[in-house]
Amino acid sequence: RFIQGQLMAMIGVGVLYTVGYEITGISLAAVLGIIAGVVSVVPFASFILDGISAFFIAIAQFQDFIHPAMIVATIAVAELVNNTLLIPTLLGRFVNVHPAAVLLFIFVGGALFGVLGMILALPLAAVFNAYWIRYGPQNESGHGYPPVTF
C-alpha cells in the first residue's frame, strides 16, 4: 500500500509542476513535470533537481524577470501542497499512519540518517504501526495473537 500511495503522490506532484510550467509557458513543461514527479520520491528533491533547471530554462527562453518569478511561484506552491497535503494525508491514509506522525517520521529519519532515512521513514512507520496494532498493549490475549472471539 505504501508503493501505491507513493505513486499517487508522484502523479500529484507531476501534475502540479506540469500545470504550473504550462501556465508559465516554458518549453518542455510536460517533461519537466514528469521529472519532478519521479524525483519526488526523495523529499524536497523535486525542488533541487527540477525547479532549478526550469528556472534557468525560463531565463534563457524569455529573458525577463516575470517568467522566472512565475517558476519560483510554481515551485513554492507545488512544494507546499506536496509537503503539507499530499505526503502526510495521502501516504498517511495508505499506510494507516496519522499525518502528523508521517511528518514526524520523515523529519526524524532525515535528522538521523539523512536522505536515506527520509526515504525509508514511511515504510518503517507502516511496519511499526502494523506491529503496534498486532502486539500492542490493547491486545489482551497475552501471547501476541489477536484474541479469539466467537
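Here, residues in each chain are numbered from 1, in the same order as that chain's written sequence. Only residues with pLDDT of 70 or above have their local features reported here, since the model is predicted, and side-chain atom pairs are shown and tallied only from 80 upward, although totals for entire chains, interfaces and linings are computed over all residues. As a rule here, side-chain values come from all non-hydrogen atoms in the structure, and water together with hydrogens is ignored.

Asker: Give a detailed account of the overall build of the protein, specifying residues and quantitative values.
Answerer: In DSSP terms, a helix is any run of H or I states spanning at least four residues, a strand is any run of E spanning at least two, and both are numbered starting from the N terminus. Across its full length, the protein carries five helices and zero strands. Secondary structure of the protein in N-to-C order comes out as α-α-α-α-α. To get the radius of gyration, use the C-alpha atoms; to get the globule rule, take the number of residues to the power 0.38 and multiply by 2.2 Å. The C-alpha radius of gyration computed for the protein amounts to 20 Å, which surpasses the reference 15 Å derived for 150 residues by more than 25%, pointing to a less compact arrangement than a globule. When its C-alpha atoms are laid out on the principal axes, the protein stretches across 70 × 35 × 20 Å. Burial here depends on accessible area, computed with a 1.4 Å probe over protein chains only, as a share of the maximum for the residue type. Under 20% is buried, over 50% is exposed, and the range in between is partly exposed. Evaluated residue by residue, the protein yields a buried proportion of 39% over its 150 residues. Contacts: residue pairs with any heavy atoms within 4.5 Å of one another. Pairs at least 24 residues apart make up 58% of the contacts formed inside the protein by residues separated by at least 6 positions. Exposure was quantified through the Shrake-Rupley algorithm and a 1.4 Å probe, taking into account, for residues, occlusion by the shown protein chains and nothing else. When the accessible surface of the protein is totalled, it reaches about 9000 Å², and 77% of it is carbon and sulfur.

Asker: Describe unusual backbone geometry, with residues and values.
Answerer: The phi torsion of most residues other than glycine is negative, and most of the peptide bonds are trans. With phi around 65°, L28 is a residue other than glycine that occupies positive phi space. Following the sequence through the fold, L28 ends up in the loop between α1 (2-24) and α2 (29-39). Backbone geometry at Q63 places phi at a positive 55°, although glycine is not the residue there. For Q63, the position within the fold is in the loop between α3 (45-62) and α4 (66-95).

Asker: How would you summarise α3 if you had to cite specific residues and measurements?
Answerer: Given a helix with a known number of residues, its expected span is that number minus one, times 1.5 Å. An ideal rise of 1.5 Å per residue puts 26 Å on 18 residues; α3 measures up with 25 Å between its terminal C-alpha atoms. Here the bend at each residue means the angle between axes fitted to two seven-residue stretches, the one ending at that residue and the one beginning there. Of all the bends in α3, the largest measures some 35° and sits at G51. Taken residue by residue, α3 has A45, S46, D50, G51, A54 and A58 as its buried positions. Residues of α3 that are buried make contact with α1, α2 and α4. The positive-phi residue at the C-terminal boundary of α3 is Q63, with phi of around 55°.

Asker: Describe the environment of G92, listing the residues and the values that go with them.
Answerer: As for its placement among the helices and strands, G92 is situated in helix α4. Note: C-alpha distance between G92 and G109 (17 residues apart in sequence) is 16 Å. What G92 contacts, discounting residues up to four positions off in sequence, is I87, V97 and V102.

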